[in-house]
Amino acid sequence: MAGDPRDEIVEHLPAMRAFALSLTRNSALADDMVQDSLVKAWTKIHTFEPGTNMRAWLFTILRNTYYSNRRKAGREVSDADGLMTEGLSEKPAHDGRLQLSDFRRAFAELNDEQREALVLVGASGFSYEEAADMCGVAVGTIKSRTNRARARLAQLMHLTEDEALEMTDSATMAVVAGNRSSAAG
């Protein structure tokens, strides 16, 4: 990258917000967390290595901010009324709406580590190696979390192996099915 890396940050804002929403399940907290992460990134931009993955760097800052905030708060903020999750994607106009609702409920049942692994590998398209690096764990740990999370989602949604989940939301399908080529690493 020849220019100032700060110019690239704005390209990643929608993905950062989506990741923050998946972690916090609260739009106000997600917005605050993205803002805090951006301030940290902006002030520490000199530590970013040009030519490396800016999105991974920003997601790592965002993830660390989330866990720091969790430690400080000592409790998880939930989206009990489901308002925030409703805004994550557009609902299909057919019976996929019911399946998407089931998916949201099941996704909310996963633990933080499983939800995080699915969002990074499935929905955001990071490789297992990139996700492992962002989370500070071994690649096998990310693969295990992703596999267990997908199995748990299938269990919670009462899906069998021969039963297809029909949704129009490709990100949700990538999370559930694991068919995304960028997640195959």
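None of the values given here were measured: they were computed from a predicted structure. (Residues numbered from 1 in each chain as written. Predicted model: local features only at pLDDT ≥ 70, side-chain atom pairs only at ≥ 80, totals over all residues. Heavy atoms only, no water.)

A count of helices and strands for the protein gives 10 helices and 0 strands. In the protein, buried positions account for 43% of the 185 residues. If you take every contact in the protein between residues at least 6 apart in sequence, the share linking residues at least 24 apart comes to 67%. (Helix = DSSP H or I, 4+ residues; strand = E, 2+ residues; numbered from the N terminus. Buried < 20%, exposed > 50% of the residue type's maximum accessible area, 1.4 Å probe, protein only. Contact = heavy atoms within 4.5 Å.)

Two elements in contact, helix H7 (residues 112-123) and helix H8 (residues 128-135), have axes whose closest approach is 9 Å; the angle formed by their N-to-C orientations is 135 degrees. Judged on the interaxial angle alone, H8 and H7 are oblique. You can see that H7 and H8 cross each other, and the crossing is right-handed. Along its contact with H7, which presents Glu116, Leu120 and Val121, the element H8 presents Tyr128, Ala131, Met134 and Cys135. For the contact of H7 with H8, the class distribution of residues is 6 nonpolar, no polar and 1 charged. (Axes fitted to C-alpha atoms, helices over the stretch in contact; angles between N-to-C directions. Parallel < 35°, antiparallel > 145°, perpendicular 65-115°, else oblique. Left-handed = near helix turned anticlockwise from the far one by under 90°. Nonpolar A, V, L, I, M, F, W, Y, C, P; charged D, E, K, R; others polar.)

This next bit is on the packing of aromatic side chains. When we look at a pair of aromatic rings, we describe it by the centre distance and by the angle of the planes. On inspection of all chains with the given rule, the structure shows 5 aromatic pairs. On the basis of an interplanar angle of 5 degrees and a centroid distance of 4.8 Å, the ring pair of Phe19 and Phe59 is categorised as stacked. Of this pair, Phe19 sits in helix H2 (residues 13-24) while Phe59 sits in helix H4 (residues 54-73), and the two are 40 residues apart along the sequence. Among the residues examined, Phe19 registers a relative accessible area of 1% and is labelled buried. Of the residues examined, Phe59 reaches a relative accessible area of 1% and is grouped as buried. Plain terms: the ring middles of Phe59 and Phe126 are 5.1 Å apart, the flat faces sit at 65 degrees to each other, and that makes the pair edge-to-face. A residue pair is termed long-range when its members are at least 10 positions apart, and Phe59 in helix H4 and Phe126 in the loop between H7 and H8 qualify at 67 residues. Overall, Phe126 belongs to the buried group, its relative accessible area being 3%. (Phe/Tyr/Trp six-rings, centres within 6.5 Å; stacked < 30°, edge-to-face > 60°.)

Following the sequence through the fold, Arg25 ends up in the loop between H2 and helix H3 (27-43). Residue classification places Arg25 among the buried positions, given a relative accessible area of 10%. There is a polar contact of 3.1 Å between the side chain of Arg25 and the backbone oxygen of Ala108. (Polar contact = N/O pair within 3.5 Å; in protein donor to acceptor, adjacent residues only side chain to side chain.)

Here the focus is the environment of Ile9. Tracing the sequence through the fold places Ile9 in helix H1 (residues 6-9). When its relative accessible area of 6% is taken as the criterion, Ile9 is described as buried. In sequence terms Ile9 and Leu58 are 49 residues apart; their C-alpha atoms lie 8.1 Å from each other. Apart from the residues lying within four places of it in its own chain, the contact partners of Ile9 are Leu38, Trp42, Ile45, Met54 and Leu58.

For the rest of this paragraph, the subject is H7. In terms of residue burial, H7 counts as a mostly covered element, since 10 of its 12 residues are buried. Along H7, the residues classified as buried are Asp112, Gln114, Arg115, Glu116, Ala117, Leu118, Val119, Leu120, Val121 and Gly122. A side-chain oxygen of the first residue of H7 lies 3.1 Å from the backbone nitrogen of Glu113; this N-cap is Asn111. The first or second residue beyond H7 is Gly125, which carries a positive phi of 80 degrees.

Don't take any of this as a statement about function, it's just geometry.
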